[in-house]
Amino acid sequence: AAPMMSRADRNTQDRADGKVVFVGGVDYSTTRDGLQAHMGKFGAVASCHVVTDRETNESKGFAFVNFRSADDAAKAAEAADGSELDGKMIKAEVA
């Protein structure tokens with residue numbers, strides 16, 4: 001059986017696997033569901049997280065999207081980079 005990993009270890013492991021895409025320039029109104037729907041057009045999304053300020057709970061304007069495969073992540077990053085989401089052009093790259 002695989003050893004138990006903390007959430008932080010899993011996140012680091014996922015990034016090492018090339019499955020995570022950094023998305024920048026995200027509009028402050030963009031929701032997790034909206035981001036997942038947009039990025040899901042480019043590949044199979046496992047999960048996504050819009051980064052928010054701890055104090056105000058407002059979006060910081062960037063997010064991470066975890067894809068089911070590194071291949072999907074690479075294709076999605078290339079296809080989504082420069083695309084428009086909620087009226088703003090986003091930047092996408094493998095994290």
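Quick caveat: nothing in here was measured; it's all calculated off a predicted structure. (Residues numbered from 1 in each chain as written. Predicted model: local features only at pLDDT ≥ 70, side-chain atom pairs only at ≥ 80, totals over all residues. Heavy atoms only, no water.)

**A look at the overall build of the protein**
Argument step 1. The number of helices and strands found in the protein is three helices and six strands.
Argument step 2. Each helix and strand of the protein, placed in order from N terminus to C terminus, yields the pattern α-β-α-β-β-α-β-β-β.
Argument step 3. Buried residues in the protein amount to 32% of all 95 residues.
Argument step 4. Counting contacts in the protein only where the partners sit at least 6 residues apart, residues at least 24 apart contribute 60% of the total. (Helix = DSSP H or I, 4+ residues; strand = E, 2+ residues; numbered from the N terminus. Buried < 20%, exposed > 50% of the residue type's maximum accessible area, 1.4 Å probe, protein only. Contact = heavy atoms within 4.5 Å.)

**What about the nonpolar core?**
Argument step 1. Ranked by internal contacts, the top residues of the largest apolar core, which has 18 residues, are V21, V23, L35, M39, V45, V65 and F67.
Argument step 2. Counting residues per element, the ones that place at least two in this core are β1 (20-24), α2 (32-39), β2 (45-52), β3 (59-67) and α3 (70-80).
Argument step 3. With four residues, the top contributor of residues to this core is α3. (Core = buried A, V, L, I, M, F, W, Y, C linked by side-chain atoms within 4.5 Å.)

**Quick look at the confidence of the model for the protein**
Regions with low pLDDT should not have their predicted coordinates read in detail.
Argument step 1. Across the protein, the average pLDDT comes to 89, with 83% of residues at or above 70.
Argument step 2. Within the protein, no element has a lower average pLDDT than helix α1 (residues 7-16), which sits at 52, and none a higher one than strand β5 (residues 88-89), at 98. (pLDDT = per-residue confidence, 0-100.)

**Structural notes on α3**
Argument step 1. All of the buried residues in α3 are D72, A73, A76, A77 and A80. Seen end-on, α3 carries its buried residues on one side only, within an arc spanning 130°.
Argument step 2. In this structure, the buried side of α3 is in contact with β1, α2, β3 and β6 (91-94).
Argument step 3. Downstream of α3 by a residue or two, G82 has a phi angle that is positive, lying close to 90°. (Arc of directions from axis to C-beta.)

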